[in-house]
Amino acid sequence: MKIHLLFAGLALCIATSAIAADKPTLQDGVDAGAKAAIESALAANKAAKAAKVEWLWAKPVRKMWKGNKKTATKVLEQAIEMANDGKHEDAKKLAAYVENAAKQGVMQADRAAKAGPALYGM
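Fair warning: this is a prediction, and the values are worked out from it, not measured in the lab. (Residues numbered from 1 in each chain as written. Predicted model: local features only at pLDDT ≥ 70, side-chain atom pairs only at ≥ 80, totals over all residues. Heavy atoms only, no water.)

Moving on: the nonpolar core. One finds Ile-38, Trp-57, Trp-65, Val-75, Ala-83, Leu-94 and Val-98 to be the most contacted residues of the largest nonpolar core, which totals 21 residues. Elements that contribute at least two residues to this core include exactly helix H2 (32-50), helix H3 (72-84) and helix H4 (88-113). Ranked by residue count, the leading element in this core is H3, at seven residues. Not counting residues within four places of it along the chain, the set of residues in contact with Ala-83 comprises Leu-26, Val-30, Ala-34, Ile-38, His-88 and Ala-91. (Core = buried A, V, L, I, M, F, W, Y, C linked by side-chain atoms within 4.5 Å. Buried < 20%, exposed > 50% of the residue type's maximum accessible area, 1.4 Å probe, protein only. Helix = DSSP H or I, 4+ residues; strand = E, 2+ residues; numbered from the N terminus. Contact = heavy atoms within 4.5 Å.)

Let us look at H3. Along its 13 residues, H3 runs 18 Å from first to last C-alpha, staying within 8% of the 18 Å computed at 1.5 Å per residue. Of all 13 residues that make up H3, 10 are buried, and the element is covered over most of its length. Three or more residues of H3 are buried, namely Ala-72, Thr-73, Val-75, Leu-76, Glu-77, Gln-78, Ala-79, Ile-80, Met-82 and Ala-83. Against the buried residues of H3 lie H2, strand S1 (56-57), strand S2 (70-71) and H4. (Expected span 1.5 Å × (residues − 1).)

Within the chain, Lys-52 stands out as a residue other than glycine whose phi angle is a positive 65 degrees. Here Lys-52 is to be found in the loop between H2 and S1. Phi is positive for Arg-62, which is not a glycine, with a value near 50 degrees. On the secondary structure map, Arg-62 appears in the loop between S1 and S2. For Arg-62, a relative accessible area of 63% puts it in the exposed group.

Turning next to the side chain of Glu-99. Relative to the assigned elements, Glu-99 resides in helix H4. Polar side-chain contacts of Glu-99 include one of 2.6 Å to the side chain of Ser-40. Among all residues touching Glu-99, those that are not within four sequence positions of it are Ser-40, Ala-41 and Ala-44. (Polar contact = N/O pair within 3.5 Å; in protein donor to acceptor, adjacent residues only side chain to side chain.)

Let's shift gears to H2. Given 3.6 residues per helical turn, the α-helix brings residues three or four places apart onto the same face. Over its 19 residues, H2 extends 27 Å from the first C-alpha to the last, a length consistent with the 27 Å expected when each residue adds 1.5 Å. Regarding H2, the residues found buried are Ala-34, Ala-37, Ile-38, Ala-41, Ala-44, Asn-45 and Ala-48. Viewed end-on, H2 has its buried residues packed into an arc of 130 degrees, placing them on one side of the element. Those residues of H2 that are exposed and angled more than 90 degrees off the buried face are Ala-32, Lys-46 and Ala-50. Looking at the residues trailing H2, positive phi occurs at Lys-52, about 65 degrees. (Arc of directions from axis to C-beta.)

With that out of the way, let us pick up the pattern of salt bridges. Taken as a whole and judged by the stated rule, the model has three salt bridges. The partner of Asp-31 in a salt bridge is Lys-92, and the shortest N-O contact between them spans 3.6 Å. Of the two residues, Asp-31 sits in the loop between helix H1 (2-19) and H2 while Lys-92 sits in helix H4, which places them 61 residues apart along the sequence. Take Lys-92: its relative accessible area is 26%, and that puts it in the partly exposed class. Of the charged contacts, one joins Lys-92 and Glu-89 as a salt bridge, the two residues approaching to 3.3 Å between their closest N and O atoms. Within this pair, Lys-92 and its partner Glu-89 are both found in helix H4, separated by three residues, close to a single helical turn. (Salt bridge = Lys/Arg side-chain N within 4 Å of Asp/Glu carboxyl O.)

The structure is reproduced here in structure tokens:
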């Protein structure tokens, strides 16, 4: 019985370590422009997540990233990986795209909160 418990615990440890993978971080040698663009996009995306309007894309736009059904957070993780791999221009474009989408989402959420029927002089 104790051996079954040992194997169950081992399987649980392996499963949680596979699921809880570390998020990519920007390395030291990354281009300053790419780093600034990604950090700005991360801040805008954080604001969008706080407003509960984080974008979810069913498919990549203009093949800018890989994979389907990605949140803006996952797309930004790919931008970080691009920057770390030396694809600075692609990382800048992707970060700018996600930043714009996040800002538009927050703006739309602010306007939707104030939405209502037109009163037309009433």
